[in-house]
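If you want the building blocks of each chain, they are given just below.
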Amino acid sequence: MVKSIGNEKISCAVFISGRGTNLKSIFKYSKNKYSKINLKLVISNRRDALGVIFARDNKIDCKIINYKNTKKAEKQILNYLKRKKIKFIFLAGFMKILSKNFIKKFKNKIVNIHPSLLPNYKGLNTHMRVIANKEKFSGCTVHFVNGKIDSGKIIIQKKVKILKLDTAKSLSKKILKEENKLYPKAIKKVFS
Ligand code: GAR
């Protein structure tokens, strides 16, 4: 879907807000000899995000963005992206909504992971709603980001069976494990 030129890796950024397990799996994948990406920048809207510690421990440039004013925050992010020559963005548990204007600047160059089988269960508290509705299956989806929440073109999905005893917490744990495997597969597909 996206062509890299020769052997040159594509400079990427990962946006996070929390734990950063997906950041970790993207980073690990980027170190693979055959991967087409170079993870150059992490953006976090939270200083206390665990992912920030991971980024710093692994010497990935990491910027904390104050999101009190969205317009200013996005302007600052765009500056960092420009400085680092970032060509592609992976959202990995980033809990802020990017403006249409921002998305336009990276058209078809932003990918997100969502913990449900989209188009079902867009938005927040996915696992709680899935359990409340007594669904038999859930899963996770990696998709392109467009102007509408959790609605861009789907790249890849993984289905997960829900057991009778599953709670929102156990389901979230099970799905997160799959997410961490799915994100690198999605990246491989995007840059194939
Ligand atoms: C993941 O489950 C991801 O799908 C979800 O946040 C979690 C981040 O975990 N994202 C969303 O809900 C976005 N709407 P991580 O920080 O360990 O990667």
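Residues numbered from 1 in each chain as written. Predicted model: local features only at pLDDT ≥ 70, side-chain atom pairs only at ≥ 80, totals over all residues. Heavy atoms only, no water.

Digging into the sheet that holds strand β4 (residues 88-91)
Taken in spatial order, the seven strands make up an open sheet running β3-β2-β1-β4-β5-β6-β7, and their pairing is mixed. Every interior strand has two partners, whereas the edge strands, β3 (61-64) and β7 (154-161), have only one. Each strand of the sheet is rotated relative to its neighbour by a mean of 20 degrees, with strand direction disregarded. Across the face of the sheet, helix α2 (residues 50-57) comes into contact with β1 (10-16), β2 (37-44) and β3 while running at roughly 150 degrees to β3. (Pairing = 2+ DSSP bridges. Helix = DSSP H or I, 4+ residues; strand = E, 2+ residues; numbered from the N terminus. Axes fitted to C-alpha atoms, helices over the stretch in contact; angles between N-to-C directions. Contact = heavy atoms within 4.5 Å.)

Describing the side chain of S138
Of note, S138 is situated in strand β6 (residues 137-144). Given a relative accessible area of 2%, S138 falls into the buried group. Look past the residues within four positions of S138 in its chain and what remains in contact with it is P115, S116, L117, V130, K158, K159, V160, I162, L171 and I175. (Buried < 20%, exposed > 50% of the residue type's maximum accessible area, 1.4 Å probe, protein only.)

Topic: the environment of L98
As for its position among the elements, L98 is in the loop between β4 and α4 (100-105). In the structure, L98 is positioned 27 residues away from K71 in sequence and 9.9 Å away in space, judged by C-alpha atoms. Setting aside chain neighbours within four positions, we find L98 in contact with F15, Y67, E74, L91, I103 and I110.

Some details on the packing of helix α1 (residues 21-30) against helix α6 (residues 168-190)
With their axes 9 Å apart at the nearest point, α1 and α6 run at an angle of 40 degrees to one another. Considering their axes alone, α1 and α6 lie oblique with respect to each other. α1 and α6 meet at a crossing whose hand is right-handed. Across from T21, N22, S25, I26 and Y29 in α1, the residues of α6 making contact are L176, E179, N180, Y183, P184, I187 and K188. Tallied by class, residues from the contact of α1 with α6 come to six nonpolar, four polar and two charged. (Parallel < 35°, antiparallel > 145°, perpendicular 65-115°, else oblique. Left-handed = near helix turned anticlockwise from the far one by under 90°. Nonpolar A, V, L, I, M, F, W, Y, C, P; charged D, E, K, R; others polar.)

Points about the nonpolar core
Most often, soluble globular proteins have nonpolar side chains that are buried together. Counting residues in each nonpolar core, the largest one holds 40 residues, and the members touching the most others are F88, F90, V142 and Y183. Top contributing element to this core by residue count: α6, with seven residues. Formed by 20 residues, the second largest nonpolar core is a distinct cluster that contains F15, Y80, F102 and I103. (Core = buried A, V, L, I, M, F, W, Y, C linked by side-chain atoms within 4.5 Å.)

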